[in-house]
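Secondary and tertiary structure notes
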Amino acid sequence: MTVNELARTSGVSAAKVRYYARAGLLPAARDAGNGYRCFGRPALVRLRFIVAARALGFTLRDIARLLHEADAGRSPCPGVRELLDRRLADIAAQRRALASKQARLKALRARWQAAPDGQPDPQRLCPLLDSVPVDVLNGVGDA
């Protein structure tokens, strides 16, 4: 199969097929006549594996490691489980951080509900933002 044929068969864009091939995840032979990359049926199986792993949030490095296991005749399944457990732990940590951030923002919003609006002047632009404690700023913003 050519890049475009593999892309059509798998439902993945030709650009992604090329990207994964350049990354070394999809080995291809070169057609001697035209220089095009040629992929066999195993590339389709590999590409589906890559797409599924990417959908779960695995990195290209993770996927390369898993493919190396499979290429060596070893099951990549233990590695998949390990990576999935790591992703779940990362997501749980992100959720906790977001919940904490949300609580701080809600507390600010409640405090600001009855605060008067201020007019900008040379000393400050918004009294609400000027009143935010530094420890809150360090835990809320993205900057």
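Anyway, here's the lowdown on the structure attached to this text. (Residues numbered from 1 in each chain as written. Predicted model: local features only at pLDDT ≥ 70, side-chain atom pairs only at ≥ 80, totals over all residues. Heavy atoms only, no water.)

The subject of this paragraph is the overall build of the protein chain. In terms of regular secondary structure, the protein chain is built from 7 helices and 2 strands. When the helices and strands of the protein chain are read in sequence order from the N terminus, they spell out α-α-β-β-α-α-α-α-α. Against the globule reference of 15 Å for 143 residues, the protein chain gives a C-alpha radius of gyration of 25 Å, more extended than a compact globule. Taking the principal axes of the C-alpha coordinates as reference, the protein chain spans close to 75 × 35 × 20 Å. (Helix = DSSP H or I, 4+ residues; strand = E, 2+ residues; numbered from the N terminus. Rg over C-alpha atoms; globule rule 2.2 N^0.38 Å.)

Looking now at the packing of helix H3 (residues 41-55) against helix H4 (residues 60-71). Orientation of H3 relative to H4, taken along the N-to-C sense of each, is 140 degrees, at an axis distance of 10 Å. Classified by the angle their axes make, H3 and H4 are oblique. Every pair of crossing elements has a handedness; the one defined by H3 and H4 is right-handed. In this structure, H3 uses Arg-46, Phe-49, Ile-50, Ala-53 and Arg-54 to contact H4, whose residues at the interface are Leu-60, Ile-63, Leu-66, Leu-67 and Asp-71. Here the contact of H3 with H4 is built from residues that sort into 7 nonpolar, no polar and 3 charged. (Axes fitted to C-alpha atoms, helices over the stretch in contact; angles between N-to-C directions. Parallel < 35°, antiparallel > 145°, perpendicular 65-115°, else oblique. Left-handed = near helix turned anticlockwise from the far one by under 90°. Contact = heavy atoms within 4.5 Å. Nonpolar A, V, L, I, M, F, W, Y, C, P; charged D, E, K, R; others polar.)

The next thing to look at is the packing of helix H1 (residues 3-10) against helix H2 (residues 14-22). Where H1 meets H2, the closest approach of the two axes is 8 Å, and the angle between their N-to-C directions is 115 degrees. Considered as vectors, H1 and H2 are oriented roughly perpendicular to each other. Judged by the sense of rotation from one axis to the other, the crossing of H1 with H2 is right-handed. Counting all contacts with H1, which are made through Val-3, Asn-4, Leu-6 and Ala-7, the residues of H2 involved are Ala-14, Val-17 and Arg-18. Its residues placed into classes, the contact of H1 with H2 shows 5 nonpolar, 1 polar and 1 charged.

Any functional reading would require information that these geometric values do not contain.
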